[in-house]
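Spelled out from the first residue to the last, the chains are:
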Amino acid sequence: KALWGTAERRWMAARLKRCVVRRRDGPEQHGVAASCLRELRDKACGVLAFDKAREPITLVLAEDGTIVDDEDYFLCLPSNTKFVALAKDEKWSSKSLDSGTSWLSESVDEVDSAAEKWKQLARQLKDDLSNIILMSEEDLQVLIDVPRSDLAEELGQSETKIQVLQDTLQQVLDRREEERQSRQLLQLYLEALKTEDSILSKVAEPEAAPRKEMDVVDTGTSSTDTSATTALSDQVLAALKEKPAPELCLDSQDLELVLKEDTAALASALGWDKQKAGALQEACDQELSKRLKQVQTLHSLRSTSKGKKTLPWGDWPSAKRKK
């Protein structure tokens, strides 16, 4: 675990950052994926037709004009954050949104639509198949549900290889569900042991005076402090609160964001005590480290295999499972 420092986790998790960019006065929006702020600037220059040599750009948040020039702040932003790219002499103003308000409220959003989402995910796999390991369960299911012919066309592969790919995606999804069920069974077993020990200890205890302090014991966090803010989306908070073993269903970027949260703020947002929130962050840390180690192993194997830059489609392990 010591081999995987914060910098490595941050770099790997940020590879999945999806963003939307537009010019100040332009209605057209473009979805791009960037691993860091510098890469986002470069890609924004490309898709928005800026000459970055003559026209250095500044990226600001579309909703309020906040300048984004800090790498850590960029990594804390959620996926599909909307940016406005400003040329050298341009300044953001709320008036600049008048001509493109529909870009912020448009129901058919290029990045948020289901069709565009699977294409974005497919491009990630086209760049590097090991991104499968870093995806959320929801993203895996999206790619599994895409018609084989459509995915084959998008990736430029035969339908036979796409079938192997989708079988592999299903296998990863199944393994996470099996791990979740195993953890649930273990948790039930441990709770049963605690209950049994509690019953036996009560039977063995002699009669004692009532413990008045029991009336005032409260290990939870005060529910009055609901003002704590987090960088986590409502969807991620709902998954953390409602799903068993939520670290298994999140993608690596969201796991990284959970780890960056202040434990007290996270506990407040979830309505938990600080100890439970800390245990959740520890579970997320272990899951993220495991995934990144798997990715590193694949990259190491790939680098020793004829110096290839991408994992060969034909060499991807068969997804057939032994029953």
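Rules used throughout
- Residues numbered from 1 in each chain as written.
- Predicted model: local features only at pLDDT ≥ 70, side-chain atom pairs only at ≥ 80, totals over all residues.
- Heavy atoms only, no water.
- Helix = DSSP H or I, 4+ residues; strand = E, 2+ residues; numbered from the N terminus.
- Polar contact = N/O pair within 3.5 Å; in protein donor to acceptor, adjacent residues only side chain to side chain.
- Contact = heavy atoms within 4.5 Å.
- Patch = residues over 30% accessible without salt bridge, like charges linked within 9 Å, V, L, I, M, F, W, Y side chains within 5 Å.
- Areas by Shrake-Rupley, 256 points an atom, 1.4 Å probe, with all protein chains shown as cover.
- Salt bridge = Lys/Arg side-chain N within 4 Å of Asp/Glu carboxyl O.
- Pairing = 2+ DSSP bridges.
- Axes fitted to C-alpha atoms, helices over the stretch in contact; angles between N-to-C directions.
- Parallel < 35°, antiparallel > 145°, perpendicular 65-115°, else oblique.
- Core = buried A, V, L, I, M, F, W, Y, C linked by side-chain atoms within 4.5 Å.
- Buried < 20%, exposed > 50% of the residue type's maximum accessible area, 1.4 Å probe, protein only.

- An unreviewed UniProt entry lists the chain under the name DFFA factor, with Sylvietta virens as the source organism.

### Overview of the side chain of Thr-81
Now for step 1: Within the secondary structure, Thr-81 is located in strand β4 (residues 81-86).
Now for step 2: Within polar-contact distance, the side chain of Thr-81 engages the backbone oxygen of Pro-78 at 2.6 Å.
Now for step 3: Non-local contacts of Thr-81, meaning those with residues more than four positions away in its chain, are made with Arg-18, Cys-19, Val-20 and Leu-61.

### What to know about a nonpolar patch on the surface
Now for step 1: A cluster of nonpolar side chains, Leu-186, Tyr-189, Leu-190 and Leu-193, forms an exposed patch at the surface whose accessible area comes to about 370 Å².
Now for step 2: Mapped onto the elements of the fold, Tyr-189 is located in helix α8 (residues 159-204).

### A word on the sheet that holds strand β3 (residues 58-61)
Now for step 1: Spatial ordering of the open sheet is given by β2-β1-β4-β3, a layout of four strands whose pairing is mixed. Looking at the sheet topology across the chains shown, the edges are occupied by β2 (30-33) and β3. Neighbour-to-neighbour, the strand axes of the sheet open up by a mean angle of 40 degrees, direction not taken into account.
Now for step 2: Bridge analysis of β3 against β4 gives four bridges, and the strand direction is antiparallel. Each bridged residue has a counterpart across the sheet, and for Thr-58 the counterpart in β4 is Leu-86.
Now for step 3: On the sheet, helix α2 (residues 37-47) packs against β1 (18-23), β2, β3 and β4 and is oriented at approximately 145 degrees with respect to β2.

### As for the packing of helix α9 (residues 234-242) against helix α11 (residues 263-270)
Now for step 1: Where α9 contacts α11, the two axes come as close as 10 Å, and the packing angle between them is 80 degrees. Taken together, the axes of α9 and α11 lie roughly perpendicular to each other. Residues Leu-237, Leu-240 and Lys-241 of α9 pack against Leu-266, Ala-269 and Leu-270 of α11.

### Considering the nonpolar core
Now for step 1: Ranked by internal contacts, the top residues of the largest apolar core, which has 22 residues, are Leu-232, Leu-240, Leu-250, Val-258, Leu-266, Leu-270 and Leu-280.
Now for step 2: Taken together, the elements giving at least two residues each to this core come down to α9, α10 (252-260), α11 and α12 (274-303).
Now for step 3: Top contributing element to this core by residue count: α12, with six residues.
Now for step 4: When sequence neighbours within four positions are dropped, the list of residues in contact with Leu-266 reads Leu-232, Leu-240, Val-258, Glu-261, Ala-277, Leu-280 and Gln-281.
Now for step 5: Within the second largest apolar cluster, 20 residues are counted, among which are Leu-40, Leu-59, Leu-61 and Leu-75.

### Considerations on the pattern of salt bridges
Close approach of charged atoms allows side chains with opposite charge to pair.
Now for step 1: Per the counting criterion, the structure on display carries 11 salt bridges.
Now for step 2: Between Glu-138 and Lys-117 there is a salt bridge, with the nearest N and O atoms lying 3.1 Å from each other. Linking Glu-138 in helix α6 (residues 137-145) with Lys-117 in helix α5 (residues 114-127), this pair joins segments that are 21 residues apart in sequence.
Now for step 3: The shortest N-O distance in the salt bridge between Asp-139 and Lys-117 comes to 3.5 Å. Of the two residues, Asp-139 sits in helix α6 while Lys-117 sits in helix α5, which places them 22 residues apart along the sequence. Lys-117 matches Asp-139 in its accessibility class, with the two residues each being buried.
Now for step 4: Residues joined by salt bridges that share partners form a network here, namely Glu-179, Arg-183, Glu-247, Glu-287, Lys-290 and Arg-291.

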